[in-house]
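Topology and contacts: notes
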Amino acid sequence: MKQLVRLFAAVIVVALGLMYLTAYLNSSQGYTSGNTLTIYNWGDYIDPELLEQFEEESGIKVIYQTFDSNEAMMTKIAQGGTTFDVSIPSEYAIAKMKEEGLLLPLDHAKLPNLQYIDPSFMDLSFDPGNEYSIPYFWGTVGVVFNPDLTDLQFESWDDLWDKSLRNQILLLDGAREVIGMGLNSLHYSLNDTNEAHLQEAKAKLGKLTPNVKAIVGDEIKMLLANEEAAVGLVWSGDASEIMSENEKLDYIVPSEGSNLWFDNMVIPKTARNIEGAHAFINFMLDPEHAAQNAEYVGYSTPNAKALAHLPEEISGDERFYPSKELTSKLEVYDNLGKKMLAHYNELFLEFKMHRK
Ligand code: N2P
């Protein structure tokens, strides 16, 4: 019994010590624990200067972590044990997170800069009334190619299967994007859930294997700009970034159709600093900040007033600010539900393993 009491006392002493140490460390950095904001964003998806500016203006210390897929981000938030205050999922992930109770409702009264968002990016079907999410960037999925290394024009997805492209294609590491491209190339919807169609897409992707040099993350931009491969399946904003590094390259959305996506800021239910999260979202909605971010990252801003701050060569480029006529032909990913999303992931994993 005595031993137990001693053990208990020891545990208390260690716990108090740790609490004291944490408080000391936080205060020695000039921050109290209530004065931090943990942001969980895609890699290469913000101008770091804006984070510094936000810290200076708000007095809030930013803790910043990145993810490379909606799936990885959702798993981490759903698992718990994290304290993310702001994240930036894509639309189908937002619909799924809402369904699973992983998001907190937003207080629009704390987001006066929301007035600058182009109304066509508001009130979309994945989040009516923008109750849980605020537009950040948007874009398409397409093909970036180097006319010095290939004569193909990529008006059709089928060009990717051309024999001349052996070991010349880099694919972004995304289940929805790669399976969606397989489905689109067969003229099926990228939200198709018909098992026969999915197996057909998988078989067709299997035939693409000899042309695939690698499936990669954010390094895809550096590899394509350095001409390590002729072609890449990329998000439009990455294409714009690649093309600003290497002007020879071009970007096209193949005619069978492709994906139109929207990444929005959300407050996950793991949030500790809800006030600070609203302050950060509002900061990113400021037209000058949104323009600076769009110019730095290369992605397209949904902020109408920010567009006016961007050079005409960016805001007038139809490849990255496509017309309504083109976007109306594209498809937005649906939330396919837990089971079907897991199935897409499985098919993608099998495709990746088959390559090795
Ligand atoms: C940026 C990733 C952009 C994600 N590295 C597009 N949804």
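Note that the structure is a prediction, hence the values are computed from the model and not measured.

1. Brief notes about the overall build of the protein chain
- Regarding its fold elements, the protein chain presents 14 helices and 9 strands.
- Its C-alpha atoms give the protein chain a radius of gyration of 23 Å, near enough to 21 Å, the size a compact globule of 356 residues would have.
- Principal-axis analysis of the C-alpha atoms places the extent of the protein chain at approximately 75 × 55 × 40 Å.
- The burial tally for the protein chain puts 52% of its 356 residues in the buried class.
- A sequence separation of at least 24 residues applies to 75% of the contacts in the protein chain between residues at least 6 apart.

2. Some words on the site of the ligand
- In the vicinity of the ligand, the residues found are W42, G43, Y45, S90, D218, W235, W261, D263 and Y299.
- At a separation of 2.7 Å, a nitrogen atom of the ligand approaches a polar backbone atom of G43.
- In the model, a nitrogen atom of the ligand is placed 3.0 Å from a nitrogen or oxygen of the D218 side chain.
- Calculation on the ligand without its partners gives an accessible area of 270 Å², and the protein chains cover 98% of this total.
- Each residue belonging to the shell around the ligand can be placed in one class, and the counts come to 5 nonpolar, 2 polar and 2 charged.

3. Things to note about the domain arrangement of the protein chain
- Its domain assignment divides the protein chain into domain 1 (33-137 + 264-315) and domain 2 (139-260 + 323-355).
- Centre-to-centre separation of domain 1 and domain 2, based on C-alpha positions: 26 Å.
- Summed over both sides, the interface between domain 1 and domain 2 buries roughly 1,500 Å², with carbon and sulfur atoms accounting for 52% of that surface.
- Looking at the side of domain 1 facing domain 2, the largest losses of area belong to Y92, K96 and Y299, adding up to 35% of the total buried there.
- Where domain 1 meets domain 2, there are 2 salt bridges.
- Among the ionic pairs, K221 bridges to D44, the shortest N-O distance being 2.9 Å.
- If you look at where domain 1 meets domain 2, you find 4 residue pairs in polar contact (both at pLDDT 80 or more).

4. Remarks on the pattern of salt bridges
- Scanning the model with the defined rule gives 14 salt bridges in all.
- Residue K110 is joined to E275 by a salt bridge in which the shortest nitrogen-to-oxygen separation is 3.3 Å. Of the two residues, K110 sits in the loop between α4 (91-99) and β4 (133-145) while E275 sits in helix α9 (residues 274-285), which places them 165 residues apart along the sequence.
- A salt bridge links E350 to K202; the shortest N-O distance between them is 2.6 Å. With a gap of 148 residues between them, E350 in helix α14 (residues 338-355) and K202 in helix α6 (residues 195-208) connect regions that are remote in the sequence.
- On the basis of relative accessible area, E350 is assigned to the partly exposed category, the value being 32%.
- Ionic contacts of the salt-bridge type, sharing partners, join the residues D44, K221 and D238 into one network.

Criteria and cut-off values
Residues numbered from 1 in each chain as written. Predicted model: local features only at pLDDT ≥ 70, side-chain atom pairs only at ≥ 80, totals over all residues. Heavy atoms only, no water. Helix = DSSP H or I, 4+ residues; strand = E, 2+ residues; numbered from the N terminus. Rg over C-alpha atoms; globule rule 2.2 N^0.38 Å. Buried < 20%, exposed > 50% of the residue type's maximum accessible area, 1.4 Å probe, protein only. Contact = heavy atoms within 4.5 Å. Near = heavy atom within 4 Å. Polar contact = N/O pair within 3.5 Å; in protein donor to acceptor, adjacent residues only side chain to side chain. Areas by Shrake-Rupley, 256 points an atom, 1.4 Å probe, with all protein chains shown as cover. Nonpolar A, V, L, I, M, F, W, Y, C, P; charged D, E, K, R; others polar. Domains from an automatic or database assignment. Buried area = accessible area lost by both parts, 1.4 Å probe. Salt bridge = Lys/Arg side-chain N within 4 Å of Asp/Glu carboxyl O.

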